[in-house]
Amino acid sequence: MANKTYAQWCPVSRALDIIGERWTLLIIRDLGFGLRRFSELQSELVGISPSLLSGRLRQLTDAGVIERIDNRYQLTERGIELLDVVSEIGRWGIGLMGQPEKDEQFSDFFPRAAIGFMVRPEVLPDNGLVAELHLDDRVHTLEIAEAEIDLRPSRRITVHDGPAPDAVDVRLRGSLADLTRYRQGRVPAESLADADLVHIEGDPDALATLGRLFSAG
């Protein structure tokens, strides 16, 4: 598979020479959840052909963005830097999320990814936060690391599948679609706790913090 190039001496065009092809950033998105075998990526990236996936993985490996270890692929340090770019694209795309089209599908990771994309890094609290989110028929744990930890804002945000192993500061029950509507600013409520679409409980300060994290801004 021949690499296409914009043939411009520019950092944007140089970057797009590597990550501008269709499916490439979705591969980065999925590898952000950990090691993946070729078959797992093909199953998650609905619609990609084996030959196209093979070509994209080869390009990313040659560029030093991913590496293959024991028949599984993972991001390199250079690739991990791209996760911030993918997260910002995801946050921008939240405003485009309406009802899914009839032919649209989503991977098993979609709820977990969507939660991470909806969190606003510019309003992260200085102290940590653990929130348990019961959305539809699944449970996820959102953790915000304390500001003292030397991490970039987006790296302070982690989302895990399943309930929190320890005590939580706040719990939310509702649907992912309704939480998305709140994040888009389509729910007329002063705060997340005021929204009739979700049930939220916990420490008042934690409730307010969670509301700011998911607010439209």
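These figures come from a predicted structure and were not determined experimentally. (Residues numbered from 1 in each chain as written. Predicted model: local features only at pLDDT ≥ 70, side-chain atom pairs only at ≥ 80, totals over all residues. Heavy atoms only, no water.)

With respect to the overall build of the chain
Check the secondary structure of the chain and you find eight helices and eight strands. Computed over its C-alpha atoms, the radius of gyration of the chain comes to 19 Å, within 12% of the 17 Å expected for a compact globule of 217 residues. Over its C-alpha atoms, taken along the principal directions, the chain stretches across nearly 55 × 45 × 35 Å. For the chain, the residues scored as buried account for 43% of the 217 residues in total. Within the chain, residue pairs in contact and separated by at least 24 positions form 60% of the contacts whose partners lie at least 6 positions apart. (Helix = DSSP H or I, 4+ residues; strand = E, 2+ residues; numbered from the N terminus. Rg over C-alpha atoms; globule rule 2.2 N^0.38 Å. Buried < 20%, exposed > 50% of the residue type's maximum accessible area, 1.4 Å probe, protein only. Contact = heavy atoms within 4.5 Å.)

Overview of unusual backbone geometry
One non-glycine residue, Ala 7, lies in positive phi territory at about 55°. Positionally, Ala 7 belongs in the segment before helix 1 (11–19).

Here we look at the sheet that holds strand 6 (residues 157–161)
Sheet architecture is open: five strands sit in the order 6-5-4-7-8, paired in mixed fashion. This sheet does not close on itself; its edge strands, each paired only once, are strand 6 and strand 8 (199–202). Neighbouring strand axes in the sheet, compared pairwise and without regard to direction, differ in orientation by 20° on average. As judged from the five bridges shared by strand 4 (residues 129–135) and strand 7 (residues 170–174), these two strands associate in the parallel manner. Residue pairing for strand 7: His 134 is matched across the bridge by Arg 173. (Pairing = 2+ DSSP bridges. Axes fitted to C-alpha atoms, helices over the stretch in contact; angles between N-to-C directions.)

Description of the layout of surface pockets
In this structure, the second largest pocket encloses a volume near 490 Å³. Gly 32, Phe 33, Leu 83, Arg 155 and Ile 157 are, among the 18 residues lining the second largest pocket, the residues nearest its centre. Elements that contribute at least two residues to the lining of the second largest pocket include exactly helix 5 (77–93), helix 6 (110–118) and strand 6. Looking at the lining of the second largest pocket element by element, the count peaks at five residues for helix 5. Across the lining of the second largest pocket, the residue classes break down as eight nonpolar, six polar and four charged. (1 Å grid on protein atoms, 1.4 Å probe; cavity = no way out; pocket = protein on both sides within 12 Å on 5 of 7 lines; lining within 4 Å. Points joined across faces, edges and corners; volume = space filled by probe spheres on them. Nonpolar A, V, L, I, M, F, W, Y, C, P; charged D, E, K, R; others polar.)

Describing the nonpolar core
As a rule of thumb, nonpolar side chains are buried together in soluble globular proteins. Ranked by size, the top nonpolar core spans 49 residues in total, and within it Leu 142, Leu 210 and Phe 214 carry the most contacts. No other element matches the five residues that helix 6 contributes to this core. (Core = buried A, V, L, I, M, F, W, Y, C linked by side-chain atoms within 4.5 Å.)

Description of the environment of Leu 45
Following the sequence through the fold, Leu 45 ends up in the loop between helix 3 (38–44) and helix 4 (50–62). Along the sequence, Leu 45 and Met 118 sit 73 residues apart, while their C-alpha atoms lie 21 Å from each other. Apart from the residues within four sequence positions on either side, Leu 45 is in contact with Trp 23, Leu 26, Ile 27, Arg 29, Asp 30 and Leu 53.

Quick look at the packing of helix 2 (residues 24–31) against helix 4
Each pair of packed helices gets described by two things: the angle between the helix axes and the distance between those axes. Remark: helix 2 packs on helix 4, axes separated minimally by 10 Å, with the N-to-C direction vectors making an angle of 75°. When the axis of helix 2 is compared with that of helix 4, the two are roughly perpendicular. Across the interface between the two elements, Thr 24, Ile 27 and Ile 28 of helix 2 pack against Leu 53, Arg 56, Leu 57 and Leu 60 of helix 4. (Parallel < 35°, antiparallel > 145°, perpendicular 65-115°, else oblique.)

Here's the deal with the pattern of salt bridges
Counted by the stated rule, this structure contains 12 salt bridges. The salt bridge involving Arg 91 is made with Glu 88; its shortest N-O contact spans 3.1 Å. Of this pair, Arg 91 and Glu 88 both sit in helix 5, three residues apart, which is roughly one turn of the helix. For Glu 88, a relative accessible area of 43% corresponds to the partly exposed category. A salt bridge links Glu 132 to Arg 171, with the shortest nitrogen-to-oxygen separation between them at 2.9 Å. With Glu 132 in strand 4 and Arg 171 in strand 7, the pair connects residues that are 39 residues apart, well separated along the chain. Residue classification places Glu 132 among the buried positions, given a relative accessible area of 5%. (Salt bridge = Lys/Arg side-chain N within 4 Å of Asp/Glu carboxyl O.)

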